[in-house]
Amino acid sequence: MKSLDGIKFAEMVQMGAHHLSQNASYVDSLNVFPVPDGDTGTNMNLSMTSGAKETQSNADQHIGKTAQSLSKGLLMGARGNSGVILSQLFRGFGKFIEKEQEIDAQKFAGAFQAGVDTAYKAVMKPVEGTILTVAREAAAKAVEAAQTETSIISVMEVVVKEAKNSLDRTPELLPVLKEVGVVDSGGQGLLFIYEGFLASLKGEALPEKNTASLDDLISAEHHRAQDFMSTEDIVFGYCTEIMVRFEEGKEPFDEAKFREELNVMGDSLLVVSDDEIAKVHIHSETPGAVLTAGQKYGSLIKIKVDNMREQHSAIVNDDSNQSTSNTSNKVEKHPYAVVTIAMGEGVANLLRSIGASYVIEGGQTMNPSTEDIVKAVKAINAERVLILPNNKNIVMAAEQAVELLDIEAAVVPTKTIPQGMAAILAFNPEASVEENKTNMTNAFSHVKTGQVTYAVRDTSIDGVEIHKDDYMALAEGKIVLSTPNKMDAAQKVVSHLVDEDTEIITVLYGEDASEKEAEELSQFIEENYPDAEVEIVEGKQSLYPFILSIE
């Protein structure tokens, strides 16, 4: 094959997206930190799926037009840092060939290189040993090969081979990967896409995963439910999906028993399993209990929790707005808005109470896409807006959203809920966007964040031995203790972060902590740090029994 047109490239994109989707849970499992938020595979899969859908809908013989469709779909669907970087790789790829009807091997290789150049420019502080390295080294080899090679397939073979080699070298570039014993998750996701590209070019099939069939069942279940239900009729409000990898030493998996246990926790229950993995979908009011039930059999390698009441309201409102667009009035124009992102009904209510205009449901395990953020901002109809991600893995998607907005907007780069709280309190409706960004950034820089979560596997990080299912104490993102006791972990966070200058400590307790435990922690603080004021809030966040804001 000496040339590549848009139709064949569209087929490559579909195969690349499919291969990634089949292996997304494996990519998730490569998360360095043993916390239940290994969502690189999920984010890349959702991002690439968005790109593939746009490509399929607008496939053209003209490869430049097809590549632009991929770029557009990826841009709007980008979730998490890995998804944003992926979108930038193919943004540069598409830009390089946008005027081409078809391309030869040199143009093909050059497009990969152009994508790398664009992605590196988009990342403020590029880190080697990541998806960027894998993309860069694979592209460089492709450019080198295309100097003498005229076959598109041969160049793609070089890309895949070097991507594999580069991925294997990532632990040598990032010590934390070597310490944990994994390769870079984003690089692995990119390799799956490239392998799909090559298989498409060669007309070869790729292996299927047994657990993928549940996705269609879930889609059908959701479609059936949303058509005939009003928001207030939703009894079980959290769409919860988990994937459990069975382990020796754990309770032997009994699907019938597991179904019986889960059945009392909600409705719309679906379970698919094989000899190694069980994949579960359920609508429940207590997603934390679902996670706990799954852990009896092994490690949780995928977790996804969505607030269906908010989702359904958005769908109903959107349908209603479309059907009455000719008669209804437009949303009132607001001079200023603060859009933020949070997980947990109580956390969202708290943020609204202190000044957030709109709270997007999301956070760990469910990063909103660039398009989600853009839609939220447009729904508010504000003249100026400030976006607070409250998660380091959402900052890049938020910044990408700002580029797509036609109003004055900026990202205040909050990476935790406590930082978001402090930033919102510093908001001044009389100040400019840039002044607010500066002042709010300064305000959250003085806040310390503590978290308690649980370990999803055995490992060792920064000298701390971690055992699966232990509670981990995270002080400013650093693991300082792994212990079987939840309250020991919480107290360790406090003792590590609180000092004589601390004035206020806000304790947000989640689904996996009780009010009694929150009061016990409050008592510990009052006894040991009597000068600090303690506030307790029921955050209802999943995965994190405690989040602490320390000012």
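To start, this report covers the structure provided alongside it. (Residues numbered from 1 in each chain as written. Predicted model: local features only at pLDDT ≥ 70, side-chain atom pairs only at ≥ 80, totals over all residues. Heavy atoms only, no water.)

## Brief notes about the overall build of the protein chain
Then comes step 1: A count of helices and strands for the protein chain gives 21 helices and 18 strands.
Then comes step 2: Out of the 551 residues belonging to the protein chain, those deemed buried represent 56%.
Then comes step 3: A separation threshold of at least 6 residues defines the contact pool for the protein chain, and within that pool the share at least 24 residues apart is 72%.
Then comes step 4: Put simply, the protein chain shows about 23,700 Å² of open surface, and 47% of that area lies on carbon and sulfur atoms. (Helix = DSSP H or I, 4+ residues; strand = E, 2+ residues; numbered from the N terminus. Buried < 20%, exposed > 50% of the residue type's maximum accessible area, 1.4 Å probe, protein only. Contact = heavy atoms within 4.5 Å. Areas by Shrake-Rupley, 256 points an atom, 1.4 Å probe, with all protein chains shown as cover.)

## Regarding the sheet that holds strand 14 (residues 471-475)
Then comes step 1: Reading across from one edge, 15-14-11-18-16-17 is the order of the six strands in this open sheet, with mixed pairing throughout. Single-partner strands in this sheet number two, and they are strand 15 (478-483) and strand 17 (533-538). Between one strand and the next, the sheet's axes are offset by a mean angle of 15°, whatever the strand orientation.
Then comes step 2: Of the strand pairs in this sheet, strand 16 (residues 504-509) and strand 17 are connected by six bridges, and their pairing is parallel. Residue pairing across strands places valine 507 opposite isoleucine 536, the latter belonging to strand 17.
Then comes step 3: The strands touched by helix 21 (residues 515-528) are strand 16, strand 17 and strand 18 (546-550); relative to strand 17, the strand with the most contacts, the crossing angle is about 170°. (Pairing = 2+ DSSP bridges. Axes fitted to C-alpha atoms, helices over the stretch in contact; angles between N-to-C directions.)

## Details of the pairing of strand 5 (residues 277-284)
Then comes step 1: Of all eight residues that make up strand 5, eight are buried, and the element is covered over most of its length.
Then comes step 2: Going residue by residue along strand 5, you find Ile277, Lys279, His281 and His283 tucked away on one face and Ala278, Val280, Ile282 and Ser284 tucked away on the opposite face as well.

## Overview of the nonpolar core
Then comes step 1: Core analysis: the largest hydrophobic core is formed by 89 residues, its most contacted members being Met48, Phe108, Met156 and Tyr194.
Then comes step 2: Filtering out sequence-adjacent residues up to four positions away, methionine 156 remains in contact with Phe108, Phe112, Tyr194, Phe197, Leu198 and Leu201.
Then comes step 3: With 46 residues, the next largest nonpolar core counts Leu300, Ala348, Leu351 and Leu388 among its residues. (Core = buried A, V, L, I, M, F, W, Y, C linked by side-chain atoms within 4.5 Å.)

## Quick word on the environment of asparagine 442
Then comes step 1: You can see asparagine 442 is positioned in helix 19 (residues 433-444).
Then comes step 2: The sequence separation of asparagine 442 and alanine 426 amounts to 16 residues, and the corresponding C-alpha distance is 9.0 Å.

## Things to note about the pattern of salt bridges
Then comes step 1: Considering all chains together, one arrives at 25 salt bridges under this definition.
Then comes step 2: Where glutamate 251 meets lysine 257, a salt bridge forms, and the shortest distance between an N and an O atom there is 3.0 Å.
Then comes step 3: A salt bridge links lysine 486 to glutamate 517; its shortest N-O distance comes to 3.1 Å. Residue lysine 486 is found in helix 20 (residues 486-497), and its partner glutamate 517 is found in helix 21; the two are separated by 31 residues along the sequence. (Salt bridge = Lys/Arg side-chain N within 4 Å of Asp/Glu carboxyl O.)

## Some points on a negative patch on the surface
Then comes step 1: Taken together, the side chains of Glu500, Asp501, Glu503, Glu533, Glu535 and Glu551 make up a negatively charged region of the molecular surface.
Then comes step 2: Positionally, glutamate 535 belongs in strand 17. (Patch = residues over 30% accessible without salt bridge, like charges linked within 9 Å, V, L, I, M, F, W, Y side chains within 5 Å. Lys, Arg positive; Asp, Glu negative; His and termini not counted. Charge placed at Lys NZ, Arg CZ, Asp CG, Glu CD.)

## Some points on unusual backbone geometry
Then comes step 1: With phi around 60°, asparagine 390 is a residue other than glycine that occupies positive phi space.
Then comes step 2: Looking at the element boundaries, asparagine 390 is found in the loop between strand 9 (384-388) and helix 17 (395-404).
Then comes step 3: Of note, aspartate 462 is a non-glycine position whose phi angle comes to about 55°, a positive value.
Then comes step 4: Within the secondary structure layout, aspartate 462 lies in the loop between strand 12 (459-461) and strand 13 (464-466).

## A word on the sheet that holds strand 7 (residues 337-342)
Then comes step 1: If you trace the four strands from one edge of the open sheet to the other, you get 8-7-9-10, paired in parallel fashion. With partners counted over all chains shown, the strands left at the sheet margins are strand 8 (358-361) and strand 10 (408-411), one partner each. The average undirected angle you get between the axes of adjacent strands in this sheet is 20°.
Then comes step 2: Summarising the sheet, strand 7 and strand 9 pair through four bridges and their orientation is parallel. Pairing of valine 338 across the sheet is with leucine 386, part of strand 9.

## Digging into the side chain of asparagine 393
Then comes step 1: Residue position: asparagine 393 is located in the loop between strand 9 and helix 17.
Then comes step 2: At 2.7 Å, the side chain of asparagine 393 and the side chain of asparagine 367 are in polar contact.
Then comes step 3: When near neighbours in sequence (up to four residues on either side) are disregarded, asparagine 393 contacts Asp39, Asn43, Gly80, Asn81 and Asn367. (Polar contact = N/O pair within 3.5 Å; in protein donor to acceptor, adjacent residues only side chain to side chain.)

## Description of the environment of histidine 19
Then comes step 1: Position of histidine 19 among the secondary structure elements: in helix 1 (residues 6-22).
Then comes step 2: Along the backbone, histidine 19 and phenylalanine 192 are 173 residues apart, and their C-alpha atoms lie at a distance of 6.0 Å.
Then comes step 3: Leaving out residues up to four positions away in the same chain, histidine 19 has contacts with Phe192, Glu195, Gly196 and Leu206.

On their own, these measurements won't tell you what the molecule is for.
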